[in-house]
Amino acid sequence: MQKVTEEALLDVLKDIRNWMRAAAHAPVLALLKSQLPDAKARMAYQMLDGSASMEQVRVACKMSPNALLELANRWSAAGLMEINQEKKRVRLFDLEDFGLLESSGQQKKASK
């Protein structure tokens, strides 16, 4: 039996990850589009990267606390978000990778 190095295993795992990303792109994109139907929801989702508090996101997106909490719970249930060790909600996907973010100027107009 051939001894496999950690580097070789890491290379195989990276290949598997890359193929999984490619295979899952279309279904994840469809899920993101259905769960994030408008610019406000997309902006809120994108901001929930673990660095911003729910309050900061709520104020920036001009949403009620209940509306944001409802969306975050729905995103978690759909597998688009998780809660980290610090009890912060963290998105699992970057919307820039899927072309779902509007330009900054358009986002500012949408939030007004």
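Residues numbered from 1 in each chain as written. Predicted model: local features only at pLDDT ≥ 70, side-chain atom pairs only at ≥ 80, totals over all residues. Heavy atoms only, no water.

Draft legend 1. Structural context of the side chain of R42. Here R42 shows up in helix α2 (residues 39-47). At 2.8 Å, the side chain of R42 forms a polar contact with the backbone oxygen of L36. Once residues lying within four places of it in the same chain are set aside, the contact partners of R42 are K33, L36, L95 and L100. (Helix = DSSP H or I, 4+ residues; strand = E, 2+ residues; numbered from the N terminus. Polar contact = N/O pair within 3.5 Å; in protein donor to acceptor, adjacent residues only side chain to side chain. Contact = heavy atoms within 4.5 Å.)

Draft legend 2. Region of the structure containing the side chain of Q35. Within the secondary structure layout, Q35 lies in helix α1 (residues 6-35). Excluding residues that lie within four positions of it along the chain, Q35 makes contacts with R74, W75, A78 and L80.

Draft legend 3. The arrangement of the pattern of salt bridges in detail. A full pass over the atoms with the stated rule returns one salt bridge. Between E55 and R58 there is a salt bridge, with the nearest N and O atoms lying 2.8 Å from each other. Of the two residues, E55 and R58 both sit in helix α3 (residues 54-61), three residues apart, roughly one turn of that helix. Judged by its relative accessible area of 44%, E55 falls in the partly exposed class. (Salt bridge = Lys/Arg side-chain N within 4 Å of Asp/Glu carboxyl O. Buried < 20%, exposed > 50% of the residue type's maximum accessible area, 1.4 Å probe, protein only.)

Draft legend 4. How the structure looks around a nonpolar patch on the surface. Taken together, the side chains of V12, L13, I16 and M20 make up a nonpolar region of the molecular surface, amounting to roughly 400 Å² of accessible area. With respect to the element layout, V12 can be found in helix α1. By relative accessible area, which is 46% here, V12 ends up partly exposed. (Patch = residues over 30% accessible without salt bridge, like charges linked within 9 Å, V, L, I, M, F, W, Y side chains within 5 Å. Areas by Shrake-Rupley, 256 points an atom, 1.4 Å probe, with all protein chains shown as cover.)

Draft legend 5. Focus on the layout of surface pockets. Roughly 170 Å³ of volume is contained in the largest pocket. Forming the walls of the largest pocket are R21, A24, H25, V28, L92, F93, D97 and F98. When its residues are assigned to classes, the lining of the largest pocket shows five nonpolar, one polar and two charged. (1 Å grid on protein atoms, 1.4 Å probe; cavity = no way out; pocket = protein on both sides within 12 Å on 5 of 7 lines; lining within 4 Å. Points joined across faces, edges and corners; volume = space filled by probe spheres on them. Nonpolar A, V, L, I, M, F, W, Y, C, P; charged D, E, K, R; others polar.)

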